[in-house]
Amino acid sequence: SPKLAAAKHQDEAALKKNLCVKAAKEHSIPQDLNKVLENKVMETGLGLSHVKLSVVEMMCSGDADSEGIVSKSVSSHSDLIPGVYEGGLKIWECTFDLMDYLSEAEIEFTNKTVLDLGCGAGLLGIVALQGEAARVHFQDYNSTVIDEITLPNVVANCISEGRRMGSGKDRKASKPPSKRPRKAEGSPDVLNRCRFFSGDWSQVSQLLSNNSKPCVKYDIILTSETIYNPDCYSALHDTLAQLLDRNGCVYLASKVHYFGVGGGVCLFEKFIEDKNVFKTRMVKTIDQGLQRCIMEIAFKNSC
């Protein structure tokens, strides 16, 4: 009957949705940091070291990419496969917008607890580390991204051939890193301030809540290009509400509209307004090319 068919369709859709929720995992930092940087070719952007992503894509095969996100991305000719691959193999332009804003606005990270949400290459979290944040946690949907891109980038910026990591103000004046694989000189103290997680936002929130008493709360959450898919707004909103400190602040960088996927700033602002938990403020607009902006988010009853 039509009713039975509709019910069956709903059950299948619910099952498919549940199967797409990627379990959370915390990634340990290897004792031998040379293994982290092995076979990695380094580039520089705004004075930060990061692995050359095209080389990572070529090297990621077999055990190095247990999720198969490289082959799936190539075969589908897509940088986004919802529930499978969420774009962490690229550094998206809004990341650089937010890095510029953090510098221009002189955002204070000293002794703060910071989350780089949807971190990809982890550049935003590295900026927080340079600003002497007390703790920086990195989260990406894909474990391959954390292991092959985020963690190597953090290590590369922590062990600059024997130098300690400099402050964010010294970034542009720093010497460009060598493109050769780097040799790690032991584990610097800065790595002890870092934790790395992969998985769905809701699952990572649960992991942090279950393993931390009291639950980890972040003074600052940095996130870039994470509101392209309206289907994820509820999970993102709930994650921010659960993990942000009562007087904390979120800095979100985004394109005004994401053609083809439907998300964007106005739609997310409306979603937040309807939930009536957060207040928002546009702190910067970038008009070159496709319009982009930086949004500041805080609890409505915050100081």
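Residues numbered from 1 in each chain as written. Predicted model: local features only at pLDDT ≥ 70, side-chain atom pairs only at ≥ 80, totals over all residues. Heavy atoms only, no water.

S.K.: Could you give an account of the sheet that holds strand 8 (residues 244-255), with specific residues and numbers?
M.R.: Strand order in this open sheet of 8 strands is 1-6-5-4-7-8-10-9, and the pairing throughout is mixed. If you trace the sheet from one side to the other, it starts and ends with strand 1 (25-27) and strand 9 (278-286), each paired once. Across the sheet, the mean angle from the axis of one strand to that of its neighbour is 20 degrees, orientation sign disregarded. Of the pairings in the sheet, the one linking strand 8 to strand 10 (residues 292-299) comprises 6 bridges and is antiparallel in character. Bridging across to strand 10, serine 254 finds its partner in cysteine 293. The sheet contacts of helix 5 (residues 93-104) involve strand 7 (218-224), strand 8, strand 9 and strand 10, and relative to strand 8 the element is tilted by about 130 degrees. Against the sheet, helix 6 (residues 123-130) touches strand 4 (113-117), strand 5 (135-140), strand 6 (194-198) and strand 7, its axis set at about 175 degrees to strand 5. (Pairing = 2+ DSSP bridges. Helix = DSSP H or I, 4+ residues; strand = E, 2+ residues; numbered from the N terminus. Axes fitted to C-alpha atoms, helices over the stretch in contact; angles between N-to-C directions. Contact = heavy atoms within 4.5 Å.)

S.K.: Account for the packing of helix 9 (residues 233-243) against helix 10 (residues 265-275), naming residues and giving values.
M.R.: Two elements in contact, helix 9 and helix 10, have axes separated by 11 Å at closest approach and are oriented at 55 degrees. In terms of orientation, helix 9 and helix 10 fall into the oblique class. In this structure, helix 9 crosses over helix 10, and the sense of that crossing is right-handed. On the side of helix 9, the interface is formed by Tyr233, Ser234, Leu236 and His237, while helix 10 contributes Leu267, Phe268, Phe271, Ile272 and Lys275. Residues that form the contact of helix 9 with helix 10 fall into these classes: 6 nonpolar, 2 polar and 1 charged. (Parallel < 35°, antiparallel > 145°, perpendicular 65-115°, else oblique. Left-handed = near helix turned anticlockwise from the far one by under 90°. Nonpolar A, V, L, I, M, F, W, Y, C, P; charged D, E, K, R; others polar.)

S.K.: Outline unusual backbone geometry, listing residues and values.
M.R.: Backbone geometry at asparagine 39 places phi at a positive 65 degrees, although glycine is not the residue there. When you line up the elements, asparagine 39 lands in the loop between helix 2 (33-37) and strand 2 (42-45). The phi angle at glutamate 132 is positive, at roughly 65 degrees, despite the residue not being glycine. The class for glutamate 132 is partly exposed, based on a relative accessible area of 42%. (Buried < 20%, exposed > 50% of the residue type's maximum accessible area, 1.4 Å probe, protein only.)

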